[in-house]
Amino acid sequence: MILARADQVTRRFGDVLALDHVDLDVSSGELVGLLGPNGAGKSTLLSLLVGIRRPTSGRVELFGGDPREPARRQRIGVTPQETGLPPTLRVGEVVDFVSAHYPDPVPRAELLDRFGLADLAKRQTGGMSGGQKRRLAVALAFVGRPQLVFLDEPTTGLDVEARHALWDGIRSFHAEGGTVLLTSHYLEEIEALAQRVVVIGQGRVLADDTVEAIRGVVGARRVSLDTTDVLPRLAGVVGVERADGRTHLLTTDADQLVRELVTAGVDFANLEIRPTSLEEAFLAITGRDERSTTAHDGQPLAA
Ligand SMILES: Nc1ncnc2c1ncn2[C@@H]1O[C@H](COP(=O)(O)OP(=O)(O)OP(=O)(O)O)[C@@H](O)[C@H]1O
């Protein structure tokens, strides 16, 4: 069953084309990651799906009808990118206030416990850290036992531990049958949570596939090292760059590359391995669209 749908949706803000003929279906039980750089159109798409804004053209549906109808919106939970909490209200009071809008809310203690906020129930929100406020803002999306939750960059500003705690909360909601659409700049976050990833750039859907499939395109690693040696032929290397005295190797198998460097006796220092950046991922994806799948230097990216 499709819970949320965008059908050829375009949204303009004056001269800015924020969304350009976007199609998206979110079915019951899915956990979908919306991935894209700043300004890609992610928040705009969420705002249309939850009924805050209307498309310039095209059609948006929530539970098969108009997202602006309150009965439909009562079945969703939303955490926008930015939220304001009344600073003098206590955490428990904020939860009670939001709960009062729903027929069968999650009990306060259960909700706070699920999001690691149990110890803060009596704290005024003005006295919370940024990360604690963010966790509360996300928790509030779940208070009304929604069928479908929209989270706009839920873990921005959270440290690693808080991020993982929040991921657990999202996973348990999904495991119990909940449907989630979340946006992120981080491949890592999408990979940790979602089965399906929709890549959006400049208002267009660039890819809509399983995380594994997208990983296949963007899954290269950048291995950087200091060396003056001439490098031997290395399996899996799809691009080489030299910049600032460092050598950067783009590879589909970093583990194998390091083994080969050691076996070949290459004299290197300051080895560093990191995932390709989102920019590199986007180059790969748009490259696949417009040319073939290529890395920066025109080498094929996929092995
Ligand atoms: N209310 C508005 N008025 C004018 N332009 C807007 C408005 N909202 C969004 N835009 C523009 O629409 C485009 C898409 O913005 P949007 O916020 O949807 O991107 P995003 O993918 O959510 O970005 P970010 O990752 O930075 O949150 C941007 O160019 C943005 O400047």
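Just so we're clear, the structure is a prediction, and the values are computed from it rather than from any experiment.

**Q** Is there a simple way to think about the pairing of strand β9 (residues 204–210) in this case?
**A** If a strand is regular, its side chains alternate between the two faces of the sheet. Pairing between strand β8 (residues 196–201) and β9: 6 bridges, direction antiparallel. In the strand pairing of β9, V198 is matched with D208. Here β8 folds back onto β9 in antiparallel fashion, the turn holding 2 residues, of which Q202 has a positive phi close to 50°.

**Q** I keep staring at the packing of aromatic side chains and nothing clicks. Help me out?
**A** Aromatic rings considered in pairs are described by the distance between their centres and by the relative angle of their planes. Summed over the entire model, instances satisfying the criterion amount to 2 aromatic pairs. Summarising the aromatic geometry, the rings of F115 and F142 are spaced 5.2 Å apart at their centres and angled 35° between planes, so their arrangement reads as tilted. Within this pair, whereas F115 is found in the loop between α4 (108–114) and α5 (130–140), its partner F142 is found in the loop between α5 and β6 (148–152), the two being separated by 27 residues in sequence. For F115, a relative accessible area of 2% corresponds to the buried category. For F142, a relative accessible area of 2% puts it in the buried group. Ring geometry for F142 versus F173: centroids 4.9 Å apart, planes at 80°, classification edge-to-face. Placement of F142 in the loop between α5 and β6 and of F173 in helix α6 (residues 160–175) is noted, with a sequence separation of 31 residues between them. By relative accessible area, F173 is classed as buried at 7%.

**Q** Quick question: what am I supposed to make of the nonpolar core here?
**A** Of all hydrophobic cores here, the largest spans 43 residues; its most connected members are L111, F115, L117, L136, F142 and L151. For this core, the element with the most residues is α6, which contributes 5 residues. With residues near it in sequence (within four places) discarded, L117 still touches L112, M128, Q132, R135, L136 and A139. With 25 residues, the next largest nonpolar core counts V32, L46, F63 and L148 among its residues.

**Q** Explain the pattern of salt bridges to me, please; I cannot follow it from the model alone.
**A** If the charged atoms of two oppositely charged side chains come close together, the side chains can form a pair. Going through the model one piece at a time under the given rule, you end up with 13 salt bridges. Between R5 and D25 there is a salt bridge; the shortest N-O distance is 2.8 Å. Highlighted residues: R5 in strand β1 (residues 2–13) and D25 in strand β2 (residues 16–27), separated in sequence by 20 residues. A relative accessible area of 30% means that R5 is categorised as partly exposed. Assessed through its relative accessible area of 27%, D25 is described here as partly exposed. Notably, a salt bridge pairs D96 with R108, separated by 2.5 Å at the nearest N-O pair. With a gap of 12 residues between them, D96 in helix α3 (residues 91–99) and R108 in helix α4 connect regions that are remote in the sequence. Relative accessible area serves as the criterion here: at 36%, D96 is assigned to the partly exposed category.

**Q** What should I look at first to understand unusual backbone geometry in this one?
**A** In most cases, non-glycine residues show a negative phi, while peptide bonds are predominantly trans. Despite not being glycine, Q8 has its phi angle at roughly 55°, a positive value. With respect to the helices and strands, the residue Q8 is situated in strand β1.

**Q** What exactly am I supposed to notice about the pairing of β8 here?
**A** Counting buried residues in β8 gives 6 out of 6 residues, a clear majority hidden from the surface. Residues R196, V198 and I200 line one face of β8 and the alternating positions V197, V199 and G201 line the opposite face, and both faces are buried. Here 4 bridges tie strand β3 (residues 31–35) to β8, and the two strands are oriented parallel to one another. Residue pairing in the sheet places L34 in a bridge with V198 of β8.

**Q** Just checking my understanding: could you explain the site of the ligand for this structure?
**A** Around the ligand sit 15 residues, and of these K42, S43, T44, Q81 and H185 come closest. A distance of 2.7 Å is found between an oxygen atom of the ligand and a side-chain nitrogen or oxygen belonging to K42. Summarising the interface, the protein chains cover 65% of the accessible area of the ligand, which totals 640 Å² for the free molecule. When contributions to the shell around the ligand are tallied by element, the ones reaching two or more residues are β2 and α1 (42–49). Element by element, the count of residues in the shell around the ligand is highest for α1, at 3 residues. Its residues assigned to classes, the shell around the ligand shows 5 nonpolar, 7 polar and 3 charged.

**Q** Explain the domain arrangement of the protein to me, please; I cannot follow it from the model alone.
**A** It is common to give the size of an interface as the accessible area that goes away when the parts come together. Domains assigned within the protein are domain 1 (2–215) and domain 2 (218–297). For domain 1 and domain 2, the distance between their C-alpha centroids amounts to 35 Å.

**Q** Would you explain the environment of G177 in this entry?
**A** Considering the arrangement of structural elements, one finds G177 in the loop between α6 and β7 (179–184). Residues G177 and Q147 lie 30 residues apart in sequence; the distance between their C-alpha atoms is 8.1 Å.

Reading guide: rules and limits
Residues numbered from 1 in each chain as written. Predicted model: local features only at pLDDT ≥ 70, side-chain atom pairs only at ≥ 80, totals over all residues. Heavy atoms only, no water. Pairing = 2+ DSSP bridges. Helix = DSSP H or I, 4+ residues; strand = E, 2+ residues; numbered from the N terminus. Phe/Tyr/Trp six-rings, centres within 6.5 Å; stacked < 30°, edge-to-face > 60°. Buried < 20%, exposed > 50% of the residue type's maximum accessible area, 1.4 Å probe, protein only. Core = buried A, V, L, I, M, F, W, Y, C linked by side-chain atoms within 4.5 Å. Contact = heavy atoms within 4.5 Å. Salt bridge = Lys/Arg side-chain N within 4 Å of Asp/Glu carboxyl O. Near = heavy atom within 4 Å. Polar contact = N/O pair within 3.5 Å; in protein donor to acceptor, adjacent residues only side chain to side chain. Areas by Shrake-Rupley, 256 points an atom, 1.4 Å probe, with all protein chains shown as cover. Nonpolar A, V, L, I, M, F, W, Y, C, P; charged D, E, K, R; others polar. Domains from an automatic or database assignment.

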